[in-house]
Amino acid sequence: MIWQDVVTAMLPEHILLAGMLLLLGHEIVSGRERGGFLIAVATVAAAAVAACWLSATGYTNSPFPGHYSTDAAAAASKIVLLALALPVLLASRDDFEESRYYVLVLSSLYGACLLVSSDSFATIFLGIELMSLPVYVLVLIAFLRPESTEAALKYLVMGGTATATLLMGVSLLYGWSGSLAVQAFADALGSQDTLAVAGVVLVVAALFLKAAVVPFHAWAPDAYEGASVPVTAYMATIIKAGVLLAALRIFGTVQVLRPMTDMLAVLPLVSMVWGNIAAIRQTSFRRMIAYSSIAHAGYLFYAFLGAGPGRHQAILFYVIAYGLMNLLAFMVLPRGTDDPAHDRLDAFKGLFQRRPFAAVMIAIAMLSLAGLPPLPGFIAKFLIFRNVLAAGYTLYAVFGLVASYLGIYFYLRVIQYMFMSAEQPAAASGRPRRYALVASLLCLAPAVLMAVFPGWLLDRL
Amino acid sequence: MADPTVLNLVLWLPVAGMLAIALTPRGQDSLVRAVSLGVMLLQLALTAWLYAGFDATQPGLQFVTNVPWIREWGIAYSIGLDGFNILLVTLTAFLGPLVVAGAFTAIQKDVKLFYAMVFFIQFAMLGTFVAQDLFLFYVFWEAMLIPMFLIIGIWGGERRIYATLKFVLYTAFGSILMLAAVIYLVYSLYTTTGITSFAFTDLYQNQLPLDTQSWLLAAFGLSFAIKVPMVPLHTWLPDAHVEAPTAGSVILAGVLLKMGTYGFMKLGFPLFPDATRAFTPALMTLAVISIVYGACLALVQTDIKKIIAYSSISHLGYVMLGLVSLDLLGIQGAIMQMVSHGIVAGGLFMMVGMIYERCHTRDIAAYGGLARLLPVYSVFFMILTLAAIGLPTTSGFTGEFMALMGAFNAAWPQFEAGYALPLVLAAIAVSGVILGALYMLWLAQRLLFGGTRAPHQPFTDLDLREKLILVAIVAAIFWLGLFPAGPLSKTELAAREYQQLVLGTHVFGSAP
């Protein structure tokens, strides 16, 4: 182990760590609890630049062989995660001024970065816990309504269950193969051995739990609703992306065979159908987004049906399109939506009259999440279903597309409320967030580029 | 001489118009209207230039632009004009300024957004017509939903939300299955030939077994048949038309409905020729049912807009009849009928809008004897009525007559060979002409003649803006009715190509 390798290969993580220490130091030295915002933004931006640099130079190294390695895929994943975190931080300015909030976000990001560089289940475990633990606190920290406690507790219990399931699966795999390397999972996928199959099923179940795939989804709506807006945005995008990118790491490029494909197809398919149908009944915006994210987790896991090489491209593209558009919708939400009354979809009525910019941005986000062209969500959906079809699962692809059709209605309903309904006299609008414009442009500009030049991005994934 | 740049300019001009409108300050409604009209007129002028420069003696595409878009998947930004779309592009550009001018007084709410959406849909419609790449086509095809959803939903009538959701959910369902078929089609091309391409010309060469062709045609066909709309998938149309604002109805009847028939002509039938020939009797039956059933429904309506909406179903039945006849005359007639219906139905919706703005009702029973109250209006309405019936010298006659002739041309040899169904169907289709005369003349009679009755009196006759709009429409009707040779000659080579593609066998393994 050469320490220079450790410094270079883990540069994004080191920057995040330095940022955390700086935040803590700043708080101790200045004696003020506030003012961490700029340090956090600068840290994440610097970490993202570092990841870009690793990616651009094609840096490949393994400072901790068998546990941690930096390669093109890991660097690309880190760029995505860190870049998506920037708008979240910008939007946090109004809700959180305490340094401890930013320390928690940075440490969660550290975990996510660790996760996508993992080569062994030991590091995966470390990463997934480091990513999740701060979020339990983040859900609780706003404490704007009693439900926050309940949501945090639910999330904690379900997260703990997921961890236990993961550990059980990993130990079975270790017993079967005698190795903690992620490769053991890929080997076990092709095996008929009961021990191996049980291990695979448990690991996949843990991933489903973390990503909120039906029937392991029940925590998501409560957690999303209980948290404050930036935290919900963080959970819906970065945590979900982190889990999926970790799954990508675990599955490798192995072609999944029957009967595992059925588990990987049926549960996500049920997830799409149920997520989209349940979202129709929701009256709260964030609960609706939670069910929408359950459906999107289904699309994302569908990608694992496809051939190995296309998977990485499809999932990364989808995660970017989905993340950007979700964030765009959250960024322009008026402040004060933490109040249960404000979170109601009714509060969106006539939004176009009050705040045209926010209404147009939310409309773009909804149309993209619904997967309508010419928005990036469509290309992402196209990519996933193309891979599924090319792998020979015609029926699964058709069912999946029909399931995605079910989702169009509730996204359009948001647009209907904003543009077509008369203004509610009760729906006094909160003030817009301070950095909403910057944050939304930060989400919109890449999304437009993705829609106009998708080929450019695809060549680089 | 026009070159490909002009076509690109025509296509992207609406986007420029949209941005220009977005940048105008709030509250400057008249400026927005002026900018919109200016951009639309410029687009019309450029399209006229393209039309004049289109060489009718040259087969295949003209003004081609072909740039790789997503290289890895063989997707290209590929656009061009051929005999199929030249008239439809011209129609779209012709209706653009009329729609904009027609909405000057009717739309007072969210003016900026309205014209931005009109430009958006103009862009999507033109793109659908000129696209020569299946992915590009699909993107434009689906993109049409968004502006139409808003146009009906924001500026529509009382039940607008119901109507617009019905419209979107109907069309989106067809499209989602089409998407599956598109992906499957392109992937099957890859497995049989090793080429990854979305280009129409490559996909025409694809050879598939009959059962696969049938499934794919069903998926494409469902999407197109909903848009046409063919009975029994037509139930969204009356609601959408009745609730839409005038501009929305004109766009819907004028151009959007042609997307379905254009899709069949450009994609559905030529891509799956064997399945098409196997399903011809079924398709022909559906077309004739649409003609007769649409006309019968039009007869019993009491809402003026509904009559014209149901008449659209009937008129587009002729288009389908001409297309499945696979006779040269029938195919050219189908194209002609599309253009003619676009102008006539667009004009009729415009006129209904004008009377609605004055009296705020579309109930026929509220009107009577308008010929005395509004003489100028009545003259124009009568001309459009006669064009809708298909009186000789109007465009309606050219299209309908040719489509029917084509059907008979194709049916006669089959009848002599002992197969009577096509001839019977063609004969039934003729009754649609009579029914058409019945409902349109009856409408004109109740509206224009008899005892003088109108909800609000007195009101003024047409103003200059409205007269100019209608003069343009009437001029186009007579031009197509009296001198159809020019436009028809532009479609001839494309019609022959279509005929060859559909009649040529594509079944995997059989001799070409």
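Coordinates for the structure precede this section.
The rules behind the values
Residues numbered from 1 in each chain as written. Chains lettered and ligands numbered in written order. Predicted model: local features only at pLDDT ≥ 70, side-chain atom pairs only at ≥ 80, totals over all residues. Heavy atoms only, no water. Contact = heavy atoms within 4.5 Å. Buried area = accessible area lost by both parts, 1.4 Å probe. Salt bridge = Lys/Arg side-chain N within 4 Å of Asp/Glu carboxyl O. Polar contact = N/O pair within 3.5 Å; in protein donor to acceptor, adjacent residues only side chain to side chain. Helix = DSSP H or I, 4+ residues; strand = E, 2+ residues; numbered from the N terminus. Nonpolar A, V, L, I, M, F, W, Y, C, P; charged D, E, K, R; others polar. Expected span 1.5 Å × (residues − 1). Buried < 20%, exposed > 50% of the residue type's maximum accessible area, 1.4 Å probe, protein only. Patch = residues over 30% accessible without salt bridge, like charges linked within 9 Å, V, L, I, M, F, W, Y side chains within 5 Å. Areas by Shrake-Rupley, 256 points an atom, 1.4 Å probe, with all protein chains shown as cover. Core = buried A, V, L, I, M, F, W, Y, C linked by side-chain atoms within 4.5 Å. Phe/Tyr/Trp six-rings, centres within 6.5 Å; stacked < 30°, edge-to-face > 60°. Lys NZ or Arg CZ within 6 Å of the ring centre and 35° of its normal. Axes fitted to C-alpha atoms, helices over the stretch in contact; angles between N-to-C directions. Parallel < 35°, antiparallel > 145°, perpendicular 65-115°, else oblique. Left-handed = near helix turned anticlockwise from the far one by under 90°. Bend = angle between axes of the 7 residues up to and from the residue.

## Focus on the interface of chain A and chain B
No. 1: At the junction of the two partners, chain A supplies 37 residues and chain B supplies 34 residues.
No. 2: Buried surface at the junction of chain A and chain B, summed over both partners, amounts to about 3400 Å²; 79% is from carbon and sulfur atoms.
No. 3: The three residues of chain A that bury the most area against chain B are A:Phe382, A:Tyr405 and A:Met420, which together make up 22% of that side's buried surface.
No. 4: Linking chain A with chain B are 0 salt bridges.
No. 5: Across the contact surface, chain A and chain B share 6 residue pairs in polar contact (both at pLDDT 80 or more).
No. 6: Mapped by element, the contributors of at least two residues to the side of chain A that touches chain B are helix 16 (351–354), helix 17 (356–369), helix 18 (376–390), helix 19 (394–406), helix 20 (408–420), helix 21 (436–452) and helix 22 (454–460) of chain A.
No. 7: Here the residues of the side of chain A that touches chain B are counted per class, giving 28 nonpolar, 6 polar and 3 charged.

## A closer look at the environment of A:Met168
No. 1: Inspection of the secondary structure puts A:Met168 in helix 7 (residues 147–177).
No. 2: Between the C-alpha atom of A:Met168 and that of A:Ala198, which follows or precedes it by 30 residues, the distance is 9.5 Å.

## Here's the deal with helix 13 (residues 285–302) of chain A
For an α-helix the count is 3.6 residues per turn, leaving residues at separations of three or four pointing the same way.
No. 1: End to end, helix 13 of chain A covers 26 Å across 18 residues, agreeing with the expected 26 Å (1.5 Å per residue, within 8%).
No. 2: Of all 18 residues in helix 13 of chain A, 17 are buried; the element is thus mostly enclosed.

## Overview of the side chain of B:Gln213
No. 1: Among the structural elements, B:Gln213 can be located in helix 9 (residues 210–227).
No. 2: Among the polar contacts made by the side chain of B:Gln213, one reaches the main-chain carbonyl oxygen of B:Leu208 at a distance of 3.3 Å.

## Observations concerning a nonpolar patch on the surface
Residues and elements named next belong to chain A.
No. 1: Among the surface-exposed residues, Val266, Val270, Val273, Trp274, Ile277 and Leu406 lie close enough to one another that they form a single nonpolar patch of about 410 Å² accessible area.
No. 2: Top contributing element to the nonpolar patch by residue count: helix 12 (residues 260–281), with 5 residues.
No. 3: Judged by relative accessible area, which is 30%, valine 273 ranks as partly exposed.

## Details of the nonpolar core
No. 1: Counting 383 residues, the largest nonpolar core has A:Met366, A:Phe419 and B:Phe220 as the members making the most contacts within it.
No. 2: With 18 residues, helix 14 (residues 328–359) of chain B is the largest single contributor of residues to this core.
No. 3: Leave out the neighbours within four places in its chain, and A:Met366 touches A:Phe285, A:Met288, A:Ile289, A:Ala329, A:Tyr411, A:Val414 and A:Ile415.

## Considering the packing of aromatic side chains
Residues and elements named next belong to chain B.
No. 1: Evaluation of the coordinates by the stated rule reveals 46 aromatic pairs over all chains.
No. 2: Aromatic side chains phenylalanine 224 and phenylalanine 264 sit 5.5 Å apart centroid to centroid with 70° between the ring planes, which places their arrangement in the edge-to-face category. Here the residue phenylalanine 224 occupies a position in helix 9, and phenylalanine 264 occupies one in helix 11 (residues 246–271), the gap between them amounting to 40 residues. Phenylalanine 264 matches phenylalanine 224 in its accessibility class, with the two residues each being buried.
No. 3: Plain terms: the ring middles of tyrosine 377 and phenylalanine 381 are 6.1 Å apart, the flat faces sit at 20° to each other, and that makes the pair stacked. One end of the pair, tyrosine 377, and the other, phenylalanine 381, are both in helix 16 (residues 375–389), 4 residues apart, so they sit about a helical turn from each other.
No. 4: According to the relative accessible area criterion, phenylalanine 381 is buried, its value standing at 0%.
No. 5: Members of the aromatic cluster, connected to one another through ring pairs, are Phe137, Trp141, Phe200, Phe220, Phe224, Phe264, Phe269 and Phe272.
No. 6: When the ring centre of tryptophan 141 is taken as origin, the NZ or CZ atom of lysine 227, which lies over that ring, is 4.5 Å away.
No. 7: Its end group placed over the ring of tyrosine 356, arginine 362 keeps NZ or CZ at 5.1 Å from the ring centre.

## Considerations on the packing of helix 10 (residues 236–243) of chain B against helix 13 (residues 304–325) of chain B
Two numbers describe a pair of packed helices, the interaxial angle and the distance between the axes.
All names here are of chain B.
No. 1: It is the contact of helix 10 with helix 13, at a shortest axis distance of 9 Å, that shows an interaxial angle of 140°. Accordingly, the angle class assigned to the pair helix 10 and helix 13 is oblique. The handedness of the crossing between helix 10 and helix 13 is right-handed. Two secondary-structure elements touch here, helix 10 through Leu237, Pro238, His241 and Val242 and helix 13 through Lys305, Lys306, Ala309, Tyr310, Ser312 and Ile313.

## Description of the environment of A:Phe382
No. 1: Checked against the element boundaries, A:Phe382 lands in helix 18.
No. 2: Distance from A:Phe382 to A:Glu98, taken between C-alpha atoms, is 42 Å for residues 284 residues apart in sequence.

## Regarding helix 11 of chain B
No. 1: Taking 1.5 Å per residue, 26 residues should reach 38 Å; helix 11 of chain B reaches 36 Å between its end C-alpha atoms and fits that length.
No. 2: Where helix 11 of chain B bends most, at B:Phe264, the angle is about 45°.

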